[in-house]
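# Structure assessment
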Amino acid sequence: MQAPGSYQSIPTGYPAAPVPPSYEEATVAQYGPAPGTDMKNMGGPAYSSQPTPMPVYSSQPTPMPMPVPMANPVTVQTVYVQQPISFYDRPIQMACPSCHEMIVTRLIYNAGALTWLSCGGLFILGCAFGCCLIPFCVDALQDVDHYCPKCKALLGTYKRL
Ligand SMILES: [Zn+2]
């Protein structure tokens, strides 16, 4: 068992605290090489707090990140507006918007404005006894509904008036 003194005598090289400068070094650094030669202009401590007017840029305008106007406006948009299909009194071939099948529309005739006007006209002309109902049997005087033959969806209507 060795003595603790030998352990402490080993120079570790790792000082626990930085060694402060000696009194002479501190004095020379603060008061110059010759104290007293430069003391005539100094009424107080040499290192008095001299006010240094620092220009404070307090209100420096910081540019806000403005939203950059997008170079590309909203042009890409899915348009589901189908082409304006003109329905007439004839079957047309089209893509059914419901079942997306290429179909030929099925025509369903029903009484429309022209049908009733024709009926009224015939009634005024004297065709009161059943003859005024003829327009309801004439397809050319009725509106036409276009239906899909597959999904039975109403695709459009052709109106005489
Ligand atoms: Zn369909």
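Residues numbered from 1 in each chain as written. Predicted model: local features only at pLDDT ≥ 70, side-chain atom pairs only at ≥ 80, totals over all residues.

Looking up the protein chain in an unreviewed UniProt entry gives the name Lipopolysaccharide-induced tumor necrosis factor-alpha factor, with the organism given as Geotrypetes seraphini. What the UniProt record of the protein chain gives under Sequence similarities (unreviewed entry) is the line "Belongs to the CDIP1/LITAF family." (UniProt positions renumbered as here; feature names shortened; annotations may be inferred.)

## Some remarks on the overall build of the protein chain
Within the protein chain one finds 3 helices and 5 strands. Helices and strands appear in the protein chain in the N-to-C order α-α-β-β-β-α-β-β. Looking at the protein chain as a whole, 8% of its 161 residues qualify as buried. At a minimum sequence separation of 6, the contacts of the protein chain that also span at least 24 residues come to 58%. (Helix = DSSP H or I, 4+ residues; strand = E, 2+ residues; numbered from the N terminus. Buried ≥ 20, exposed ≤ 12 C-beta atoms within 10 Å, placed from the backbone. Contact = placed C-beta atoms within 7 Å.)

## Some details on helix H3 (residues 113-124)
If you check H3, its first and last C-alpha atoms are 16 Å apart, about what 12 residues at 1.5 Å a residue would give, namely 16 Å. The positive-phi residue at the C-terminal boundary of H3 is Gly-126, with phi of around 110 degrees. (Expected span 1.5 Å × (residues − 1).)

## With respect to the sheet that holds strand E3 (residues 106-110)
As summarised here, the arrangement of the 3 strands in space is E3-E4-E5, forming an open sheet in which the pairing is antiparallel. Of all strands in the sheet, those bounded by a partner on one side alone are E3 and strand E5 (154-158). Strand-to-strand twist in this sheet, taken as the mean axis angle between neighbours without regard to direction, amounts to 25 degrees. Relative to E5, strand E4 (residues 143-147) runs antiparallel, the two being bridged by 4 bridges. Paired with Asp-145 across the bridge in E5 is Thr-157. (Pairing = 2+ DSSP bridges. Axes fitted to C-alpha atoms, helices over the stretch in contact; angles between N-to-C directions.)

## Observations concerning the environment of Ala-111
Mapped onto the elements, Ala-111 comes out in the loop between E3 and H3. Taking the C-alpha atoms as reference, Ala-111 lies 6.2 Å from Phe-136; in sequence the two are 25 residues apart. The residues contacting Ala-111, other than those within four sequence positions of it, are Trp-116, Phe-136 and Gln-142.

## Digging into the pairing of E4
Side-chain direction in a regular strand flips from residue to residue, so the side chains alternate between the two faces of the sheet. In terms of strand pairing, E3 meets E4 through 5 bridges, oriented antiparallel. For Arg-106, the partnering residue across the bridge sits in E4 and is Tyr-147. Counted along the chain from E4 to the antiparallel partner E5, the turn is 6 residues long, and its residue Lys-152 has a positive phi close to 60 degrees.

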